[in-house]
Amino acid sequence: MIILFNKSTCTIERYTMLIEVPIKLAFKMKNSDTGIFGKIISFVTRSKYYHVEIIIDKLWVGADAPMGVTMNTLEPLRYDHWEYVDLGIMVLSKTSYDELLNYIESLKGIEYDYLAIIFSQLLPFSLHSKDKLFCSEVVTILLQILHYEQVKGLKPHEVSPKDLARIFGLKG
């Protein structure tokens, strides 16, 4: 917070420090190097996308089998088998930005949710583990925290990479 004294009004004015944070979605497309798990997801969801990550500034956040929730700093963007959706600039207070990064850090290492992939993505039973996550679930949760209206009210464990691609304007 910045505190300034305004001489003309003899008052103290408080300003919250704001940070401009670019937000992007990164969709991985099925290709000749895609593993069997990705090929099954792509086939069942009838989509060229089998994986999604959110890029908050330069931090890529997602969940991979078998590693679970991952965070990487990657620059520049890779275009070999990825498509991107630029969600623009999110203006956050320094406090909110720090809280977001702390929350993301708390997700690191959470196990991959194979149960949800099978019983929410591949089969329509909406079953999932409350203490495990998969890629589009992590991304949807973070988009909801950032107040993106497009994902408001969605159950994150029921959202696939294809769903997010369509919601944000890609044809999957």
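Refer to the structure above for everything that follows.
Residues numbered from 1 in each chain as written. Predicted model: local features only at pLDDT ≥ 70, side-chain atom pairs only at ≥ 80, totals over all residues. Heavy atoms only, no water.

Asker: Quick one: what's the story with the packing of aromatic side chains, residue by residue and with numbers?
Answerer: Within the structure shown, the criterion is met by seven aromatic pairs. For the pair Trp-60 and Trp-82, a centre-to-centre distance of 5.3 Å together with 90 degrees between the ring planes defines the contact as edge-to-face. Here Trp-60 is found in strand β5 (residues 59-64), whereas its partner Trp-82 is found in strand β7 (residues 82-93), with 22 residues between them in sequence. Grouping residues by exposure puts Trp-60 and Trp-82 together as buried. In this structure an aromatic cluster arises from ring pairing among Phe-37, Tyr-112 and Tyr-114. (Phe/Tyr/Trp six-rings, centres within 6.5 Å; stacked < 30°, edge-to-face > 60°. Helix = DSSP H or I, 4+ residues; strand = E, 2+ residues; numbered from the N terminus. Buried < 20%, exposed > 50% of the residue type's maximum accessible area, 1.4 Å probe, protein only.)

Asker: Outline the pairing of strand β4 (residues 49-56), supporting the account with residue identities and numerical values.
Answerer: Burial within β4 is extensive, with eight of its eight residues counted as buried. Bridge count between strand β3 (residues 18-29) and β4: seven bridges; the pairing is antiparallel. Looking at β4, one finds that Phe-27 is bridged to Val-52. Pairing analysis gives three bridges linking β4 to β5, with the strands arranged antiparallel. Each bridged residue has a counterpart across the sheet, and for Ile-54 the counterpart in β5 is Val-61. Between β4 and the antiparallel strand that follows it, β5, lie two residues; Asp-57 among them carries a positive phi value of about 65 degrees. (Pairing = 2+ DSSP bridges.)

Asker: Could you give an account of the packing of helix α1 (residues 36-45) against helix α3 (residues 114-122), with specific residues and numbers?
Answerer: The relative placement of two packed helices is expressed as an angle between their axes plus a distance between the axes. The contact between α1 and α3 brings their axes to 11 Å, and the two run at 20 degrees. Regarding the angle of α1 to α3, the classification is roughly parallel. The element α1 and its partner α3 pack so that their crossing is left-handed. When α1 is examined against α3, the residues Phe-37, Ile-40, Ile-41 and Val-44 are found in contact with a partner set consisting of Tyr-114, Ile-117, Gln-121 and Leu-122. By residue class, the composition of the contact of α1 with α3 is seven nonpolar, one polar and no charged. (Axes fitted to C-alpha atoms, helices over the stretch in contact; angles between N-to-C directions. Parallel < 35°, antiparallel > 145°, perpendicular 65-115°, else oblique. Left-handed = near helix turned anticlockwise from the far one by under 90°. Contact = heavy atoms within 4.5 Å. Nonpolar A, V, L, I, M, F, W, Y, C, P; charged D, E, K, R; others polar.)

Asker: Tell me about the environment of Val-138, and name the residues and values.
Answerer: Mapped onto the fold, Val-138 is located in helix α4 (residues 135-145). Judged by its relative accessible area of 1%, Val-138 is buried. Between the C-alpha atom of Val-138 and that of Leu-122, which follows or precedes it by 16 residues, the distance is 18 Å. Leaving out residues up to four positions away in the same chain, Val-138 has contacts with Val-61, Ala-63, Val-69 and Leu-133.

Asker: I'd like a description of unusual backbone geometry, backed by residues and values.
Answerer: Between Ala-65 and Pro-66 the backbone carries a cis peptide bond, its omega angle lying at 0 degrees. Checked against the element boundaries, Pro-66 lands in the loop between β5 and β6 (68-73). Despite not being glycine, Arg-46 has its phi angle at roughly 55 degrees, a positive value. Despite not being glycine, Asp-57 has its phi angle at roughly 65 degrees, a positive value. Here Asp-57 is to be found in the loop between β4 and β5. Residue classification places Asp-57 among the partly exposed positions, given a relative accessible area of 37%.

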